[in-house]
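Breakdown of the fold
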Amino acid sequence: MTQAKARGPYTKTPARRAEIVRAARESFAEHGFTKASLRDIAERAGITHAGLLHHFRNKDDLLAAVLAERDAEERQYAESQVPDMDHLAPYLGDLLRHHQKSPELMRLWIELAAAASRPEHPAHDYFAQRYAWGREQFARGMSGKAERGELNEALAPDHAATLLQAVLNGLQLQWLLDQDLDIVGPVRAFMRMTFPQAAEAEADDED
């Protein structure tokens, strides 16, 4: 007997989930997380409210999916732009400028990350794993720099990786509070302090 194919809005397909996440991203960016409604997101995705809940339990789940999609896009872009740590500083500047184009998504990220610090929060595991992955990636690159004598000798690679994440997150929070604040300059200054030899070489080239 041939099994009947599932139809309608309850069909769990990657394409349908992608449509919902796209709609949620648009709604969150337009209205903010608090004011965005599941019914608005469902309408944008061309699905019923009940159908949306079949794919995502609540707005927290949807927001986690939106941010995970943003992460995936940024990882893919980073892989194409950062073949080694020498290209990291320019990329981080570009990344911050890109985030500044969508302040609502930046704000949502910070708010959800803070809320997810509670172990019972549905996005807790996602953020814990995301930060651990970032530290691991940065620390690996920092270790290579340290082996070549290019990392500030006062910094251990894992400490430098943790500090870099803190700088990126903290600068974005400060910018949301004061959008006239320059945050690209400070991150570049941090990278020069982290890799002093590269900073010296850059200064020599300018001379």
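Below: a short report on this structure.

Here's the deal with helix 7 (residues 124-147)
An ideal rise of 1.5 Å per residue puts 34 Å on 24 residues; helix 7 measures up with 34 Å between its terminal C-alpha atoms. Taken together, the buried positions of helix 7 are occupied by Phe127, Tyr131, Gly134, Phe138, Ala139, Gly141, Met142, Gly144 and Lys145. Close packing links the buried residues of helix 7 with helix 4 (59-81), helix 5 (88-100), helix 6 (103-115), helix 8 (157-177) and helix 9 (184-194). Two residues or fewer after helix 7 comes Gly149, characterised by a positive phi angle close to 70°.

Side note on the pattern of salt bridges
In total, this model carries 16 salt bridges according to the counting rule given. Between Glu30 and Arg44 there is a salt bridge; the shortest N-O distance is 2.8 Å. One end of the pair, Glu30, is in helix 1 (residues 14-31); the other, Arg44, is in helix 2 (residues 38-45), with 14 residues separating them in the sequence. Asp71 is paired through a salt bridge with Arg130; the nearest N and O atoms lie 3.0 Å apart. Of this pair, Asp71 sits in helix 4 while Arg130 sits in helix 7; the two residues are 59 residues apart in sequence, bridging distant segments of the chain. It is possible to trace a salt-bridge network through shared partners that takes in Arg22, Glu26, Glu30, Asp40 and Arg44.

As for the layout of surface pockets
Its boundaries defined by the atoms lining it, the largest pocket holds a volume of some 750 Å³. Lining the largest pocket are 28 residues, with Ala78, Tyr91, Trp133, Gln137 and Phe138 positioned closest to its centre. Of all elements in the fold, only helix 4, helix 5, helix 7 and helix 8 reach the threshold of two or more residues within the lining of the largest pocket. Counting residues per element, the lining of the largest pocket draws most heavily on helix 7, at 7 residues. In the lining of the largest pocket, the residues fall into 13 nonpolar, 7 polar and 8 charged.

Let's talk about the environment of Ala128
Turning to its location among the elements, Ala128 is positioned in helix 7. Linking Ala128 and Ser117, residues 11 residues apart in sequence, is a C-alpha distance of 8.3 Å.

Thoughts on the environment of His124
In this fold, His124 is placed in helix 7. Classification of His124 by relative accessible area gives partly exposed; the value is 22%. For the pair formed by His124 and Ala114, sequence separation is 10 residues and the distance between their alpha carbons is 9.5 Å. His124 has contacts with Ala116, Ser117, Arg118 and Pro119, leaving out every residue within four places of it along the chain. Within the local environment of His124, its side chain forms a polar contact with the backbone oxygen of Arg118, the two atoms lying 3.4 Å apart.

Digging into helix 8
Quick reminder: α-helices carry 3.6 residues per turn. Residues three or four places apart thus point the same way. The terminal C-alpha atoms of helix 8 lie 31 Å apart, and with 21 residues this matches the ideal 30 Å at 1.5 Å per residue to within 8%. Taken residue by residue, helix 8 has Ala160, Ala161, Leu164, Gln165, Leu168, Leu171, Gln172, Trp175 and Leu176 as its buried positions. Along the long axis of helix 8, the arc covered by the buried residues comes to 150°, so they all point the same way. Of the surrounding secondary structure, the elements contacted by the buried residues of helix 8 are helix 5, helix 6, helix 7 and helix 9.

Observations concerning the packing of helix 7 against helix 8
Helices that pack against each other are described as a pair by the angle of their axes relative to one another and the distance between those axes. Where helix 7 contacts helix 8, the two axes come as close as 7 Å, and the packing angle between them is 125°. In terms of orientation, helix 7 lies oblique with respect to helix 8. For the crossing formed where helix 7 meets helix 8, the hand is right-handed. Facing Tyr131, Gly134, Arg135, Phe138, Ala139, Met142, Ser143 and Ala146 of helix 7, the residues of helix 8 in contact are Pro157, Asp158, Ala160, Ala161, Thr162, Leu164, Gln165, Leu168 and Asn169.

Each value, and the rule that gives it
Residues numbered from 1 in each chain as written. Predicted model: local features only at pLDDT ≥ 70, side-chain atom pairs only at ≥ 80, totals over all residues. Heavy atoms only, no water. Helix = DSSP H or I, 4+ residues; strand = E, 2+ residues; numbered from the N terminus. Expected span 1.5 Å × (residues − 1). Buried < 20%, exposed > 50% of the residue type's maximum accessible area, 1.4 Å probe, protein only. Contact = heavy atoms within 4.5 Å. Salt bridge = Lys/Arg side-chain N within 4 Å of Asp/Glu carboxyl O. 1 Å grid on protein atoms, 1.4 Å probe; cavity = no way out; pocket = protein on both sides within 12 Å on 5 of 7 lines; lining within 4 Å. Points joined across faces, edges and corners; volume = space filled by probe spheres on them. Nonpolar A, V, L, I, M, F, W, Y, C, P; charged D, E, K, R; others polar. Polar contact = N/O pair within 3.5 Å; in protein donor to acceptor, adjacent residues only side chain to side chain. Arc of directions from axis to C-beta. Axes fitted to C-alpha atoms, helices over the stretch in contact; angles between N-to-C directions. Parallel < 35°, antiparallel > 145°, perpendicular 65-115°, else oblique. Left-handed = near helix turned anticlockwise from the far one by under 90°.

By themselves, these observations are geometric and do not establish any function.
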